[in-house]
Each structure stands twice: as C-alpha cells, then as structure tokens.
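# What the coordinates show
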Amino acid sequence: QVQLVESGGGLVQSGGSLRLSCAASGNIFSINYVAWYRQAPGKQREFVARITSGGNTDYQDSVKGRFAISRDNAKNTVYLQMNNLKPEDTAVYYCNAVIHYEYYWGQGTRVTVSS
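Summary of the structure given here. (Residues numbered from 1 in each chain as written. Predicted model: local features only at pLDDT ≥ 70, side-chain atom pairs only at ≥ 80, totals over all residues. Heavy atoms only, no water.)

### Some points on the overall build of the chain
The secondary structure content of the chain amounts to 0 helices and 11 strands. Along the chain, helices (α) and strands (β) appear in the sequence β-β-β-β-β-β-β-β-β-β-β when read from the amino end. For the chain, whose C-alpha radius of gyration is 14 Å, the value lies close to the compact-globule estimate of 13 Å for 115 residues. Dimensions of the chain, computed from the C-alpha atoms along their principal axes, are close to 45 × 25 × 20 Å. (Helix = DSSP H or I, 4+ residues; strand = E, 2+ residues; numbered from the N terminus. Rg over C-alpha atoms; globule rule 2.2 N^0.38 Å.)

Encoded structure:
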C-alpha cells in the first residue's frame, strides 16, 4: 500500500553537511508522523528526529542544533538536514512513518563521516 523511498546518504568529512530525503508513495490520506532513526555497527537502532502532521518536531539531544527535520506535504516528503556532521553520526539512517495506523520503514541510507 505504502512505500518509503530514501535518498541522500553518502560519505562526508567531519564538519560537512548532508540532506536526507524520505518520500512516501501510495494511497495516502493522512500521515501521523515521520521519524528518522539510525543504527551504527554493533549498536541498536536509536531515535534521531521526528515531525508530526501538525509540524511539531523532536530531536535526540546529540543532534539538537545541528540537524533539522522538515516536510513538504504536497510531495509527501520529509527531509533531514544534517550540518556539522561528526564521526559519531556515522550510521545507517532509516525513515519511519505511521500512516493509516500502520508502521512503515525504509530500507535505510548509509551515512559515513570521516575524520
């Protein structure tokens, strides 16, 4: 019914920036929220940021002031602007959305931050 398509990952040096995109497609009438999670090798998946249908946002403490989540409702797309990246941000980033009471996950996009 619904698919999430992610893009924007890559290799960047410490202090650089990347913008991740998560586009939802299918029969979508409402989206409860969209969130970004990340998982580093050997660690469990952790919450990064979320945005609700009303535009409210929330961030993990370690990314506050550096990351910004935003949305384009017309395109059913959510973005994660990542600035001042650190090696600790290296992980596979996953898009998660709650749509019509169902949970959906993207396949992940890899972000590698070199020192």
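Continuing now.
### Considerations on the state of the cysteines
Under the defined criterion, the tally for this structure stands at 1 disulfide. Put simply, Cys22 and Cys95 are joined by a disulfide, and their sulfur atoms are 1.9 Å apart. Handedness here is read from the sign of the S-S torsion; for Cys22 and Cys95, about -75 degrees, the answer is left-handed. Highlighted residues: Cys22 in strand E3 (residues 18–26) and Cys95 in strand E9 (residues 91–99), separated in sequence by 73 residues. (Disulfide = S-S within 2.5 Å.)

### Side note on the sheet that holds strand E8 (residues 77–82)
Pairing is antiparallel across the open sheet formed by 4 strands, whose spatial order is E1-E3-E8-E7. Looking at the sheet topology across the chains shown, the edges are occupied by strand E1 (2–7) and strand E7 (67–72). Here the average twist between neighbouring strands, direction ignored, is 15 degrees. (Pairing = 2+ DSSP bridges. Axes fitted to C-alpha atoms, helices over the stretch in contact; angles between N-to-C directions.)

### Points about the pairing of E3
Every regular strand shows the same layout, with side chains that alternate between the two sheet faces. In the sheet, E1 pairs with E3 via 6 bridges, with the strands oriented antiparallel. Bridging across to E3, Glu6 finds its partner in Cys22.

### Concerning unusual backbone geometry
Of note in the backbone geometry, His100 takes a positive phi value of approximately 55 degrees without being a glycine. Its place among the elements puts His100 in the loop between E9 and strand E10 (102–105). Owing to a relative accessible area of 26%, His100 belongs among the partly exposed residues under this scheme. Although it is not a glycine, Tyr101 sits at a positive phi angle of roughly 70 degrees. You can see Tyr101 is positioned in the loop between E9 and E10. For Tyr101, a relative accessible area of 76% puts it in the exposed group. (Buried < 20%, exposed > 50% of the residue type's maximum accessible area, 1.4 Å probe, protein only.)

This is a description of form; function is not addressed.
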